[in-house]
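Here is what each chain is made of, one letter per residue.
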Amino acid sequence: MVVPQRSRRSCLAVPGSSTKMIDKARGLATDQFFLDLEDAVAPLAKEQARETVVAALNEGGWGDRIRTVRINDLESRWAYRDVVDVLEGAGGSLDTVMLPKVTGADQVHWLDLTVTQIERALGLPAGSIGIEVQIEDARGLTAVDSIAAASDRLEALIFGPADFMASINMPSLVVGEQPPGYDVGDAYHHVLMRLLTAARANGLQAVDGPYLQIRDVEGLRRVAGRTAALGLDGKWVLHPDQVDAVNEVFSPRQRDYDRAENILDAYAWYTSEAGGKRGAAMLGDEMIDEASRKMALVVAAKGRAAGLTRQDPWRPPVER
Ligand code: GLV
Ligand code: MG
């Protein structure tokens, strides 16, 4: 059974070179943010951005959000120094390192060992720094099962649509939407399901990437709604206008959350001595059994992680 460990409904992308955007990010109600050293930072600004990111993490003010830094990919010339400088400078003030463009398990092993070394050298609790990886090309998707199993530090797999579209030669310039001319289904269904199943098989969360049309909040809702319906845990946001929509779409509706908690309580009672040791029972108009309990666990965990509270608790029948 996979349940969200930490809520990742919305993940804000913040260019690590912009103190202005970093300051603005502190006031946005996303579950997670990442300070980017990769594609949102120009090559000439990479080194300065590391210092800006370290200072921003140490300065704090991030509440209980998941604090992440995206380093450069392992084919670049910046990756090792990104890890060393960021973790040595702010290793106690961040939760996870995000590795982009992952193409194989060996890259995750490298990051895991490097993080382990730095944790030891700094005296940080072993395993305190997590890893998230972006799957954003054909090689990464092909190797996703071994990537997902490559480290105990892994917390999430993230789909990178822009790089992925480029990697497979999809002739579209619109990130997050269906490619023009494709009108027979969802062009990303296979990729998202592949990533989701690899994540769940290894107890990880699965997150969808950005929607670049930041003015089109209804479009974002539609696209995010599909991903949420498949079971992914969240989506990136790039702009304040996207935050509420994404948080809402990835939270269970109140009535589904109430129902899930009630299924758990009712099923626990019906299967107990007092409830008659029944494996299947009626709850309202619906028959519930062990499989219902498992489904309810997922919705209840997502709701609890999103901070929902139950409105109408189930109570055992007085007489049976
Ligand atoms: C994100 O990194 C993307 O490539 O879409
Ligand atoms: Mg990318």
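Residue numbers run consecutively from 1 along every chain, following the written order of its sequence. Throughout, the order in which chains and ligands are written sets their labels, letters from A for the former and numbers from 1 for the latter. Selection of residues for local features in this predicted model requires a pLDDT of at least 70, selection of side-chain atom pairs for listing and counting requires 80 or more, and totals for whole chains, interfaces and linings are taken over all residues. The side-chain figures draw on all heavy atoms in the structure; neither hydrogens nor water molecules are used.

1. As for the pairing of strand 1 (residues 10-15)
Looking along a regular strand, one sees the side chains alternate between the two faces of the sheet.
Next, step 1: Within strand 1, six of the six residues are buried, which leaves it mostly tucked inside the rest of the structure.
Next, step 2: Both faces of strand 1 are covered, namely the face carrying S10, L12 and V14 and the face carrying C11, A13 and P15.
Next, step 3: With three bridges joining them, strand 1 and strand 8 (residues 234-237) adopt parallel strand pairing. Looking at the pairing, C11 lines up with W236 of strand 8. Remark: exposure states derive from per-residue accessible area (1.4 Å probe, protein chains only) relative to the maximum for the residue type, with buried under 20%, exposed over 50%, and partly exposed in between. Only DSSP runs of H or I reaching four residues or more are called helices, and only runs of E reaching two or more are called strands; each is numbered from the N terminus. A pair of strands is treated as paired once DSSP finds two or more bridges between them.

2. So, the packing of helix 11 (residues 254-270) against helix 12 (residues 290-305)
Next, step 1: Under this scheme, a helix contributes an axis fitted over its contacting stretch, all axes are lines through C-alpha atoms, and angles between N-to-C directions fall in the 0 to 180 degree range. Two elements in contact, helix 11 and helix 12, have axes separated by 8 Å at closest approach and are oriented at 135°. Taken together, the axes of helix 11 and helix 12 are oblique relative to one another. Here the hand of the crossing between helix 11 and helix 12 comes out left-handed. In this structure, helix 11 uses D256, Y257, A260, E261, I263, L264 and Y267 to contact helix 12, whose residues at the interface are E290, S292, R293, A296, L297, V299, A300, G303 and R304.
Next, step 2: For the contact of helix 11 with helix 12, the per-class residue count stands at nine nonpolar, two polar and five charged. Here the angle decides the label: under 35 degrees means roughly parallel, over 145 means roughly antiparallel, 65 to 115 means roughly perpendicular, and every other value means oblique. Here a crossing is taken to be left-handed if its near helix is turned anticlockwise relative to the far helix by less than a right angle, and right-handed if that turn runs clockwise. The contact definition used throughout considers only heavy atoms, calling two residues in contact when any of these lie within 4.5 Å. Ten residue types, Ala, Val, Leu, Ile, Met, Phe, Trp, Tyr, Cys and Pro, are classed as nonpolar, four, Asp, Glu, Lys and Arg, as charged, and the remainder, Gly among them, as polar.

3. Looking at the site of ligand 1
Next, step 1: If even one non-hydrogen atom of a residue comes within 4 Å of a molecule or strand, that residue is called near it. The environment of ligand 1 is made up of R70, Q134, E136, G160, P161, A162, D163, P210 and W236.
Next, step 2: For the purposes of these results, a polar contact is taken to be a pair of N or O atoms within 3.5 Å, where, inside protein, one atom must be able to donate a hydrogen and its partner to accept one; residues adjacent in sequence count only when each atom of the pair is a side-chain atom. Within the side chain of R70, a nitrogen or oxygen atom sits 3.1 Å from an oxygen atom of ligand 1.
Next, step 3: A distance of 2.8 Å separates an oxygen atom of ligand 1 from a polar side-chain atom of Q134.
Next, step 4: Per-residue and other accessible areas follow the Shrake-Rupley method at a 1.4 Å probe size, with only the shown protein chains counted as cover for residues. Coverage of ligand 1 by the protein chains reaches 93% of its 190 Å² of free accessible surface.
Next, step 5: Cavities and pockets are found on a 1 Å grid laid over the protein atoms alone: a cavity is a set of points where a 1.4 Å probe fits but cannot escape, a pocket is an open set with protein on both sides within 12 Å along at least five of seven lines, and a lining residue has an atom within 4 Å of such a point. Think of it this way: if more than half of a molecule's atoms are within 2 Å of a pocket's grid points, that molecule is in the pocket or cavity. In this structure the site holding ligand 1 corresponds to the largest pocket.
Next, step 6: Class assignment for the residues of the shell around ligand 1 results in four nonpolar, two polar and three charged.

4. Points about the UniProt feature "domain: HpcH/HpaI aldolase/citrate lyase" (unreviewed entry) in the protein
Next, step 1: The positions UniProt marks with the feature "domain: HpcH/HpaI aldolase/citrate lyase" (unreviewed entry) are residues 9-240.
Next, step 2: Across residues 9-240, the secondary structure splits into 41% helix and 17% strand, with the terminal C-alpha atoms separated by 14 Å. UniProt positions are given in the numbering used here, feature names are shortened, and annotations may be inferred rather than shown by experiment.

5. Looking at helix 10 (residues 240-249)
Next, step 1: For helix 10, the complete set of buried residues consists of Q242, V243, A245, V246 and N247.
Next, step 2: Where helix 10 is buried, its residues contact strand 1, helix 9 (217-230) and strand 8.

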